[in-house]
Amino acid sequence: EAGVTQFPSHSVIEKGQTVTLRCDPISGHDNLYWYRRVMGKEIKFLLHFVKESKQDESGMPNNRFLAERTGGTYSTLKVQPAELEDSGVYFCASSPEVDYGYTFGSGTRLTVV
Amino acid sequence: RKEVEQDPGPFNVPEGATVAFNCTYSNSASQSFFWYRQDCRKEPKLLMSVYSSGNEDGRFTAQLNRASQYISLLIRDSKLSDSATYLCVVNEGMFSGGYNKLIFGAGTRLAVHP
C-alpha cells in the first residue's frame, strides 16, 4: 500500500510569492489532515478534511492560507502571499476513520527568503 | 502555559540503559494519548498509544495518569537505533463529533551511544 505522498519535498520561494503544496492520502482514506512545524516550535494542527469538506480549520493561521480537497482525493495547501514566518515543514496525514491513528507523509520543507 | 509540555533533553545514555520521558498536558477533557517517534528530518511515526491501565510493547512501556494529567514513556535496554526525538501527543478531538485533532509536545531528544 502506498503511503501518504507530498509534493514537493522542498520549496524555496521569495517573500510575496505563491506556493502550492500537494498531498495524496492513502487510497480510501476519507480523513486528511494538514500540520506544520515552524522553526523551534512544536508541530501544530492546521485543518482536517472529511472527504471534500473542511471538518475543522481552527488551526489555519490567517487568510493567506487556502486548503482545498476537490473530489475528496488529493489536497492542496496554497500560501499566498508567502511571508518569512511561513517557513517550516508542512506535514499531511490521513486516516480511514476519525478514531484511527494517522499516517503522516514525509513533509514539504518550505523556505521563504 | 503550553498544552503539552515535555523536557526537551537531550538525554544522552549508553546502550543498555533505561530511560524515562515525562509529559504533562493541560486539557483535562483530552480523549486519547500517544507517543510518536521522529527521526531527524523525517515525519512523526506512531510509537504507541497510551492507556490508563498502562501498556507495554517490547522494551517500551507507557503510562497515563489522568488525575495528574501526566504521561510517561519508559525505554529499557536502549539500542543505538532508539536515538530519535520522542513526541508526546494528546488528541483533543471529539470522535463522536467527527473531530480528530492532535496536540504535539515539542519533543524530547534521545541520543544512545555505544
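Everything that follows concerns the structure shown earlier in this document.
This report concerns the structure included in the present document. (Residues numbered from 1 in each chain as written. Chains lettered and ligands numbered in written order. Predicted model: local features only at pLDDT ≥ 70, side-chain atom pairs only at ≥ 80, totals over all residues. Heavy atoms only, no water.)

**Some remarks on the overall build of chain A**
Selection criterion: Only DSSP runs of H or I with at least four residues qualify as helices, and only runs of E with at least two residues qualify as strands; both kinds are numbered from the N terminus onward. Two things to know: the radius of gyration comes from C-alpha atoms, and the globule rule equals 2.2 Å times the number of residues to the power 0.38. Whether two residues are in contact is decided by their heavy atoms: any pair within 4.5 Å suffices. The sign given to each residue is positive for Lys and Arg and negative for Asp and Glu; His and the chain ends receive no count. Lys charges are placed at NZ, Arg charges at CZ, Asp charges at CG and Glu charges at CD.
Within chain A, the secondary structure is distributed over zero helices and 11 strands. At 13 Å, chain A has a C-alpha radius of gyration in line with the 13 Å of a compact globule built from 113 residues. Projected onto its principal axes, the C-alpha coordinates of chain A cover approximately 40 × 25 × 25 Å. Long-range contacts, defined here as pairs at least 24 residues apart, represent 52% of the contacts in chain A between residues at least 6 apart. In chain A, the 12 positive side-chain charges and the 14 negative ones have mean positions that sit 6 Å from each other.

**Things to note about the environment of Tyr70(B)**
Residues and elements named next belong to chain B. Rules: Relative accessible area decides the class of each residue, using a 1.4 Å probe on protein chains only: under 20% of the type maximum gives buried, over 50% gives exposed, and in between gives partly exposed. Polar contacts, as used here, are pairs of N or O atoms within 3.5 Å; protein pairs need one atom able to donate a hydrogen and one able to accept it. Residues neighboring in sequence count only if both atoms are side-chain atoms.
Inspection of the secondary structure puts Tyr70 in strand 8 (residues 70-75). The partly exposed category is assigned to Tyr70, whose relative accessible area is 32%. The spacing of Tyr70 and Ser83 is 13 residues in sequence and 23 Å in space, taken between C-alpha atoms. In contact with Tyr70, not counting residues within four places along its chain, are Asn22, Cys23, Thr24, Tyr25, Gln63, Leu64 and Asn65. Of the polar contacts made by the side chain of Tyr70, one reaches the side chain of Asn22; its length is 2.6 Å.

**Details of the state of the cysteines**
Residues and elements named next belong to chain B. Worth spelling out the cut-off: The definition used for a disulfide is geometric: two cysteine sulfur atoms within 2.5 Å.
Under the defined criterion, the tally for this structure stands at two disulfides over all chains. Disulfide pairing places Cys23 opposite Cys88 at an S-S distance of 2.0 Å. Its S-S torsion of approximately -75° makes the covalent link between Cys23 and Cys88 left-handed. Placement of Cys23 in strand 3 (residues 19-25) and of Cys88 in strand 9 (residues 84-91) is noted, with a sequence separation of 65 residues between them. A relative accessible area of 0% places Cys88 in the buried class.

So far we have only geometry, and geometry alone does not tell us how the molecule works.
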